[in-house]
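Single-letter residue listing:
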Amino acid sequence: MFKYAALLAFVSVVTAQSQLYGQCGGIGWTGSTTCVAGATCTVLNDYYSQCLPGAASSSSTPTTVSSSHSTTTASSTGTSSAPTSTATPAAGNPFEGYTIYLSPYYANEIALAAGNITDSTLKAKAASIANIPTFTWLDTVAKVPDLGTYLADADSIQKSTGQKQLVQIVVYDLPDRDCAAKASNGEFSIADNGQANYFNYMDQIVAQIQKYPDVRVVAVIEPDSLANLVTNLNVQKCANAETTYKACVTYALKQLSSVGVYQYMDAGHAGWLGWPANISPAATLFTQMYQAGGSSPFIRGLATNVANYNALTAASPDPITQGNPNYDESHYINALAPMLASSGFPAQFIVDQGRSGVQNIRQQWGDWCNIKGAGFGTRPTTNTGNSYIDSIVWVKPGGECDGTSNSSSPRYDSTCSLSDADQPAPEAGTWFQEYFQTLVSKASPSL
Ligand code: RCB
């Protein structure tokens, strides 16, 4: 009882003054309109005032600032502005009210793939995938200029149709990438200037984004990286990469926040960090990274199930999940979100369902490579039925391979030769036609 009273007292202190970076005003806001010492309540837009670092405010009148990220200025001049820490965050779900830009790269892959199918029914279903938004993986520095092309395209679509455009990217080029596996090892190595190369990669991304301040960008940050730091520090390559991964992810969070990119750090999946032994250390690490990134409101939360196969809500637990109460992504998120919130990270989630249409197809939960019999899953939607989840998304572009089954390849990972892995499989990221056709034919809901 005493503890409860003490908690109530604590809560009333917290709600009396908003925390640094907390909300302190805006249409519909019913909470505190003053900020803790050292912060000033600042109007960012009609819907969101925020406690930003600065002279303490004793008044409840928010200070108005003009943002260098102003839509009017940018669209009338067409010029780019320098990165700024005053980019305007919109309150709420960044997906609401936006049309997701369709990746021309994926559309081209789909067009080629459909062209190779003779059965007319399957061909039509395959072709329809080009209209379902996926993320663009910036998995090499050479792909960064493509982002500029897409942003320019999205900008012009937005201007001609009046529909606000959202471009989805995956930032995926850490040095010593995929440290616990081999199939997706990347172009940079820590021993060979990797951190500086990564910072340069990030600077190039930011330079593209700041040219198009009217286009919204949502980014998934570095799949597998932080999850590997939770569970795989016994792997030498991961232990060696820990400091560099943290420095690079921090740099990404700060730089992308400075140009107003809404970010979701990759958080593995229920069958990785959802295990009881893993979830608390995971929450601690994600909160640390959020804070290292300046607790920016643009660090919106976490992405789960990227390139994996778990259900959002399983009809019944897959037998391979036995022993884990978090047997699907909903259970994982519902367990993780309050842990993060209580440590100061008000995380929201996006969940990859691109290849989750068929369940109970794996031998082990840790199997991740080209799982046989997978089908495309629930289409991207903000109608998620879970207030922690901003959107169901398709992060992994279905049809792109997870890893080669050729044991003589330098990036061969034996996971890709397991009995539940589809074979023969080409190199990670390249097109896997037979796999794609199965995803189409087994899609659930059907195409
Ligand atoms: C990555 O692989 C696997 O999770 C847990 O231990 C247990 N119990 C690839 O590396 C992921 O499923 C492990 O801690 C703890 O109480 C990437 O290349 C697997 O998905 C946990 O670490 C308790 O009974 C690829 O892109 C992940 C392990 C109990 C990515 O997957 C792998 O970890 C889990 O077991 C039982 C795509 O998702 C990395 O090591 C497996 O169930 C187990």
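Here the structure is a predicted model, which means the values were calculated and not measured.

(A) Up close: the overall build of the chain. Check the secondary structure of the chain and you find 11 helices and 12 strands. Split into buried and exposed, the 447 residues of the chain put 52% on the buried side. Across the chain, the fraction of contacts at a sequence separation of at least 24, relative to all contacts at a separation of at least 6, is 72%. By element, 54% of the accessible surface of the chain is carried by carbon and sulfur atoms, the whole surface being about 18,300 Å².

(B) Layout of the layout of surface pockets. Taken as a whole, the second largest pocket holds about 850 Å³ of empty space. What lines the second largest pocket is a set of 42 residues, among which Y172, S184, D224, A307 and W368 lie closest to the centre. Looking at which element gives the most residues to the lining of the second largest pocket, the answer is strand β6 (residues 136-138), with three residues. Taken together, the residues that form the lining of the second largest pocket break down as 18 nonpolar, 12 polar and 12 charged.

(C) Here's a closer look at the state of the cysteines. Counting across every chain of the model gives two disulfides. The residue that forms a disulfide with C179 is C238, at a sulfur-sulfur distance of 2.1 Å. With the S-S bond torsion at 100°, the cross-link from C179 to C238 turns out right-handed. Residue C179 is found in the loop between β7 (165-171) and α6 (194-209), and its partner C238 is found in helix α8 (residues 236-258); the two are separated by 59 residues along the sequence. Sulfur of C401: no disulfide; nearest cysteine sulfur belongs to C369 and is 6.0 Å away.

(D) Up close: the pattern of salt bridges. The tally for this structure, following the rule as stated, stands at nine salt bridges. Measuring nitrogen to oxygen at the nearest pair gives 3.2 Å for the salt bridge that ties E242 to K246. Taken together, the positions of E242 and K246, both in helix α8 and four residues apart, correspond to about one turn of that helix. Of the residues examined, E242 reaches a relative accessible area of 25% and is grouped as partly exposed. Taken together, the shared-partner salt bridges in this structure form one network comprising D155, K159 and D214.

(E) A look at the nonpolar core. Of all hydrophobic cores here, the largest spans 67 residues; its most connected members are I169, M202, I205, I209, L256, M265 and F286. For this core, the element with the most residues is α8, which contributes nine residues. Dropping the residues within four chain positions of it, M265 is found in contact with I221, L226, L253, F286, M289, Y290, I299, G301, L302, A303 and F345.

(F) Structural detail: the pairing of strand β10 (residues 299-304). Taken across its six residues, β10 has six buried, putting it largely inside the fold. In the sheet, strand β9 (residues 262-266) pairs with β10 via four bridges, with the strands oriented parallel. Following the sheet pairing, M265 is matched in β10 by L302. Bridge count for β10 against strand β11 (residues 348-352) is four bridges, and the pairing is parallel. In the sheet register, A303 faces β11, and the bridge partner there is I350.

(G) A look at the site of the ligand. Around the ligand, the surrounding shell holds 14 residues, and the nearest of these are D178, D224, N232, H269 and N308. Separating an oxygen atom of the ligand from a side-chain N or O atom of H269 is a distance of 2.9 Å. With respect to the ligand, the side chain of N308 contributes an N or O atom lying 2.8 Å from an oxygen atom. Considered on its own, the ligand offers 800 Å² of accessible surface; in the complex 68% of this is hidden by protein. The cavity that encloses the ligand is the second largest pocket.

(H) Expanded view of the packing of helix α5 (residues 144-161) against α6. For the pair α5 and α6, interaxial distance at closest approach is 9 Å and the crossing angle is 10°. One way to sum up the angle between α5 and α6 is to call them roughly parallel. Read as a crossing pair, α5 and α6 show a hand that is right-handed. Between α5 and α6, the contacting residues are V144, P145, L147, G148 and L151 on the first element and Y201, Q204, I205, Q208 and I209 on the second. When the residues that make up the contact of α5 with α6 are grouped by side-chain class, the tally is seven nonpolar, three polar and no charged.

The rules behind these values
Residues numbered from 1 in each chain as written. Predicted model: local features only at pLDDT ≥ 70, side-chain atom pairs only at ≥ 80, totals over all residues. Heavy atoms only, no water. Helix = DSSP H or I, 4+ residues; strand = E, 2+ residues; numbered from the N terminus. Buried < 20%, exposed > 50% of the residue type's maximum accessible area, 1.4 Å probe, protein only. Contact = heavy atoms within 4.5 Å. Areas by Shrake-Rupley, 256 points an atom, 1.4 Å probe, with all protein chains shown as cover. 1 Å grid on protein atoms, 1.4 Å probe; cavity = no way out; pocket = protein on both sides within 12 Å on 5 of 7 lines; lining within 4 Å. Points joined across faces, edges and corners; volume = space filled by probe spheres on them. Nonpolar A, V, L, I, M, F, W, Y, C, P; charged D, E, K, R; others polar. Disulfide = S-S within 2.5 Å. Salt bridge = Lys/Arg side-chain N within 4 Å of Asp/Glu carboxyl O. Core = buried A, V, L, I, M, F, W, Y, C linked by side-chain atoms within 4.5 Å. Pairing = 2+ DSSP bridges. Near = heavy atom within 4 Å. Polar contact = N/O pair within 3.5 Å; in protein donor to acceptor, adjacent residues only side chain to side chain. Sits in = over half its atoms within 2 Å of the grid points. Axes fitted to C-alpha atoms, helices over the stretch in contact; angles between N-to-C directions. Parallel < 35°, antiparallel > 145°, perpendicular 65-115°, else oblique. Left-handed = near helix turned anticlockwise from the far one by under 90°.

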